[in-house]
Amino acid sequence: MHTQFTAEELAFREEVRAFYKEAHTPELVERFSNPATMKDAIIEWQRKLYDQGWVAPNWPKEYGGTGWTDTQRFIFDSERSAAGARGVIPFGLSMVAPVIYTFGNEEQKARFLPRILKSEDWWCQGYSEPGAGSDLAALKTRAVRDGDDYIVNGAKIWTTYAQYADWIFCLVRTSTEGKRQEGISFLLIDMTTPGIKVNPIHSIDNHHSLNEVEFNDVRVPVANRIGEENKGWTYAKALLAHERTGIAGVADSKRNLANLKKRAAAEVNGGRSLLSDPLFQKRLSDVEIELMALEFTELRVLATVASGGAPGAESSMLKIKGTEIQQALQELNMDLAAYYQGVLPTDLNAEQLGHEFGSDARQSFMYGRAATIYGGSNEVQKNIIAKAVLGL
Amino acid sequence: MNFDFTEEQNMLRDSVARFVQDDYNWDKRCAIAASEEGMSAENWQTFAELGWLSVPFAEEYGGFGGSAIDVMVLMEQFGKGLVLEPYLATVILFGGLLQKVGSEEQRNTLIPQIIEGGLQGAYAYLERQSRHELADVTTTASAGANGHVLNGEKVVVFNGMGADQFIVSARTSGEQNDEAGVSLFLVAAADVQRAGYQMMDGQRVANIVLKDAPGVLLGEEGAALPVMEDIAQDANLALCAEALGIMEKLNATTLEYTKTREQFGVTIGSFQALQHRMVETFMAYEQTRSMVYRALCALTNGEEDATTAMHALKVLVNRNGRLIFGEAIQMHGGMGLTDELDVGHYAKRLMMINTSFGDGDYHQTQFNERVYN
């Protein structure tokens, strides 16, 4: 049992650190935060990672992955977080690509994977529906065969960044017979196809990232189906496990915790800093201790995967504990901002306002409520653990 | 032992409840929130006509002569409708301070104007560094030939853009955190520079800059801190009553949702795991109501130390508020994240109530010092 880095790994860490320092410019960060420039800035950032050969650390090397060890991937992510750098948008690179290279045919791999690598296509995810949230298998969007096409009708909801997307990967119902899970297929749909309509959903953080996507007689070539008809649920389940390993967010939480401590040291109440306030200390250390444990829980899961195991129900635990910690940190950040925690975006600059992070604290706290809901709600994750691990 | 309200209190509650139900529906509330002023002058006039602006003022100034219980009854209903009109800023804070320490002339002139709905006020006491510490005051007031002049800055002033007059805390002697040496002044809006912005609960606030702004002393010079503590307590009681209305509304909305939303072929309210959580939020609400009553009894009858009860109340409102809105959003799933649904807006107001006039940690520290030290 050891967690020490080798000399090569330390050299790798230096290389990654230097890259982030140079490539993740303040100018990019500025553009990320403005809805008008965000999309282009993200694409530009992902292309920098692509040019460096580092955009897809989780892919097999033959498709453009890095061929890194798990330790290297861990270092890469830790350094990203330490630099305060943005991760990639997951829908293409982390979510649909593994399904395509695992279950897609050669033609599909050749057609989609290079464009995903180069961020030439922006992907979004079409899973949830108004009547199918936690109970995803209840989905009703129909795909009916018509010659070489499917005709798709229905609606997807909570679709992040559908307004930017070139493609959407969807779970659709191709059969109503037998078990609900056995009548679902996995389709890749071009967002420019006639009959698709994107309706914005404004969220409680006063942003627009979520959407409803309507499908009215949308023609999708059968060639865009991944794998076999009615086997989509199997492919999606494999993908969900991928979604959950990233969701622990340990590296980001460590960085957020470090920032919280800095802010807590600077915030003074009646002559005493918040960092030395016993109640605040207690709340902070409660979270820090959970996070210390979670970091090793994640390493244990990674070690299992490295020795040939698949991330299964353990990833549900990473999701639950990881999102609980994220939310606890966001809540502490709100309390640090005190009466500035509610500030909406304003024309006043930080100096005029008298505060630096109130509006950011509000935004991440409010949107942070989503983390225990998306990717399979924490309640569903507990059901998975109860069933798959505890045998209940 | 009797926890019943008086006939008059029941009438007041019904009158406010009717207004919220008939004249303050969700669409109307959202339109007011989106408007330039963030409040409705027409509604304010209605409040005046219905006598609500007179509730906490003594009869000799034309008031209703109401108690803390009357204020609680009114604020609880305001909470259910997320009423945006600046009742707290103008009536409870500005008017309350005038009634506590204003001269006879100041009271006789200004309180009737508030009651008629013709005067908007604000209480400017926060500074960018002060957090929850009332004595942390760096704004200064110095006496000159023509009275005092004030210099400094106040931030997050509720109703700061709508106010015609401010009551401003400023230091007339002593150092930054000294308890002695803080005074209150009446300052005309025309004599300050203000910059407005909006909070997530729809409130309009302002930062105000005072540059040799003329101020009229309110109360005793250098002895304002106990008054500021007193008004903070009044504000917290009003805010906690509002929070109670919000909690009731959130629990009712969420309970209804769990009874109608179907997943896995059944209503989600049929799951025992969720039932137990709904029971927790129900008990949290009932415990909060009990603590509101306890604080009211302490304040109006002097049965126990009212300040201790008030600290306890704010701690509980903070804790139970977070539990209740957290569960409300979580149980609504994706719907709970939408701006369209009212749940998120109630959550934001609870957060703002928590952080106004001392947050949960602040009041728990005060409670600990009072009870254990």
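Residues numbered from 1 in each chain as written. Chains lettered and ligands numbered in written order. Predicted model: local features only at pLDDT ≥ 70, side-chain atom pairs only at ≥ 80, totals over all residues.

**Student:** What's the story with the overall build of chain B in this structure? I'm lost.
**Tutor:** Assigned secondary structure in chain B consists of 11 helices and nine strands. In terms of overall size, chain B behaves like a compact globule, its C-alpha atoms giving a radius of gyration of 21 Å where 373 residues would be expected to give roughly 21 Å. In terms of principal-axis extent, the alpha carbons of chain B reach across some 80 × 50 × 40 Å. The burial tally for chain B puts 52% of its 373 residues in the buried class. (Helix = DSSP H or I, 4+ residues; strand = E, 2+ residues; numbered from the N terminus. Rg over C-alpha atoms; globule rule 2.2 N^0.38 Å. Buried ≥ 20, exposed ≤ 12 C-beta atoms within 10 Å, placed from the backbone.)

**Student:** What's the story with the overall build of chain A in this structure? I'm lost.
**Tutor:** Broken down by element type, chain A carries 13 helices and 10 strands. In terms of C-alpha radius of gyration, chain A reaches 22 Å, essentially the compact-globule figure of 21 Å for 392 residues. Taken over the C-alpha atoms alone, chain A extends approximately 75 × 50 × 50 Å along its principal axes. Counting every position in chain A, which comprises 392 residues, the buried fraction comes to 39%.

**Student:** What is the right way to read the domain arrangement of chain B from this model?
**Tutor:** In many analyses, interface size is given as the accessible surface area lost on bringing the parts together. Residues and elements named next belong to chain B. Domain annotation of chain B identifies domain 1 (7-119), domain 2 (122-222) and domain 3 (226-372). Relative to domain 3, the C-alpha centre of domain 1 lies at a distance of 22 Å. Tallying the contact residues gives 20 residues for domain 1 and 23 residues for domain 3. Breaking the side of domain 1 that touches domain 3 down by element, the ones donating at least two residues are helix H4 (68-81) and helix H5 (87-101). Residue contributions to the side of domain 1 that touches domain 3 peak at 10 residues, all from H4. (Domains from an automatic or database assignment. Contact = placed C-beta atoms within 7 Å.)

**Student:** Before we go on, may I ask you to explain the environment of Lys 197 of chain A in this structure?
**Tutor:** Residue and element names in this part refer to chain A. Tracing the backbone shows Lys 197 in strand E6 (residues 196-201). Judged by local crowding, Lys 197 falls into the exposed class, with 12 C-beta atoms found within 10 Å. Through-space distance from the C-alpha of Lys 197 to that of Leu 299 is 42 Å; in sequence the pair is 102 residues apart.

**Student:** Please explain the environment of Val 187 of chain B as it appears in this structure.
**Tutor:** Residues and elements named next belong to chain B. Following the sequence through the fold, Val 187 ends up in strand E5 (residues 182-188). We classify Val 187 as buried; it has 27 C-beta atoms within 10 Å. In sequence terms Val 187 and Val 216 are 29 residues apart; their C-alpha atoms lie 6.7 Å from each other. Each residue touching Val 187, except ones within four places of it in the same chain, is listed here: Leu 150, Gln 165, Phe 166, Val 168, Val 192, Ala 213 and Gly 215.

**Student:** Where do I start with the packing of H5 of chain B against helix H6 (residues 104-116) of chain B in this structure?
**Tutor:** For any two helices packed against each other, one specifies the crossing angle of their axes together with the interaxial distance. Residues and elements named next belong to chain B. Packing of H5 against H6 brings their axes to within 10 Å, and their N-to-C directions diverge by 165°. The orientation of H5 with respect to H6, classified from their angle, is roughly antiparallel. With respect to the hand of their crossing, H5 and H6 are arranged in left-handed fashion. Judged by residue contacts, Thr 90, Val 91, Gly 95, Leu 98 and Gln 99 of H5 engage Gln 106, Arg 107, Leu 110, Ile 111 and Ile 114 from H6. (Axes fitted to C-alpha atoms, helices over the stretch in contact; angles between N-to-C directions. Parallel < 35°, antiparallel > 145°, perpendicular 65-115°, else oblique. Left-handed = near helix turned anticlockwise from the far one by under 90°.)

**Student:** Please clarify how the nonpolar core should be interpreted in this entry.
**Tutor:** Soluble globular proteins tend to pack their nonpolar side chains together in the buried interior. Judged by nonpolar contacts, the single largest core of 153 residues is most densely connected at Met 72, Leu 97, Ala 295 and Leu 313 of chain B. Take this core: its biggest share by element is 15 residues, from helix H7 (residues 225-260) of chain B. Those residues in contact with Leu 313 of chain B, other than ones at most four positions away along the chain, are Cys 240, Met 291, Val 292 and Ala 295 of chain B. Listed in part, the 50 residues of the second largest apolar core include Ile 89, Ile 168, Val 213 and Val 220 of chain A. (Core = buried A, V, L, I, M, F, W, Y, C linked by C-beta atoms within 7 Å.)

**Student:** In this structure, what is going on with the environment of Ala 110 of chain A? I would like to understand it.
**Tutor:** Residue and element names in this part refer to chain A. Of note, Ala 110 is situated in helix H6 (residues 106-117). What makes Ala 110 exposed here is the crowd of 10 C-beta atoms within 10 Å. Remark: the alpha-carbon pair of Ala 110 and Ile 100, spanning 10 residues in sequence, is separated by 9.9 Å.

**Student:** How should the domain arrangement of chain A be read in this particular structure?
**Tutor:** Residues and elements named next belong to chain A. Partitioning chain A into domains gives domain 1 (7-88), domain 2 (123-230) and domain 3 (248-389). Here domain 2 and domain 3 have C-alpha centroids that lie 31 Å from each other. Contact residues are listed per partner, giving seven residues for domain 2 and eight residues for domain 3. Partitioning the side of domain 2 that touches domain 3 into residue classes produces two nonpolar, four polar and one charged. (Nonpolar A, V, L, I, M, F, W, Y, C, P; charged D, E, K, R; others polar.)

**Student:** How should I be thinking about the interface of chain A and chain B in this particular structure?
**Tutor:** Counting residues at the interface gives 40 residues for chain A and 38 residues for chain B. Split by residue class, the side of chain A that touches chain B holds 18 nonpolar, 16 polar and six charged.

**Student:** Can you help me understand unusual backbone geometry in this one?
**Tutor:** Most peptide bonds are trans, and most residues other than glycine sit at a negative phi. Residues and elements named next belong to chain B. Located in the positive-phi region is Asp 212, a residue other than glycine, with phi close to 50°. Phi at Phe 264 takes a positive value of approximately 55°, unusual for a residue other than glycine. Mapped onto the elements of the fold, Phe 264 is located in the loop between strand E8 (262-263) and strand E9 (266-267). By C-beta crowding, Phe 264 is classed as partly exposed, having 13 other C-beta atoms within 10 Å.

**Student:** Please clarify how the pairing of E5 of chain B should be interpreted in this entry.
**Tutor:** Successive side chains on a regular strand alternate, one facing one side of the sheet and the next facing the other. Residue and element names in this part refer to chain B. Taking burial as the measure, the seven residues of E5 include six buried ones, the bulk of the element. Here strand E4 (residues 165-171) runs beside E5; their pairing, made up of seven bridges, is antiparallel. By the bridge assignment, Ile 167 is partnered in E5 with Leu 186. With three bridges connecting them, E5 and strand E7 (residues 204-218) associate as antiparallel partners. Looking at the pairing, Leu 184 lines up with Leu 218 of E7. (Pairing = 2+ DSSP bridges.)

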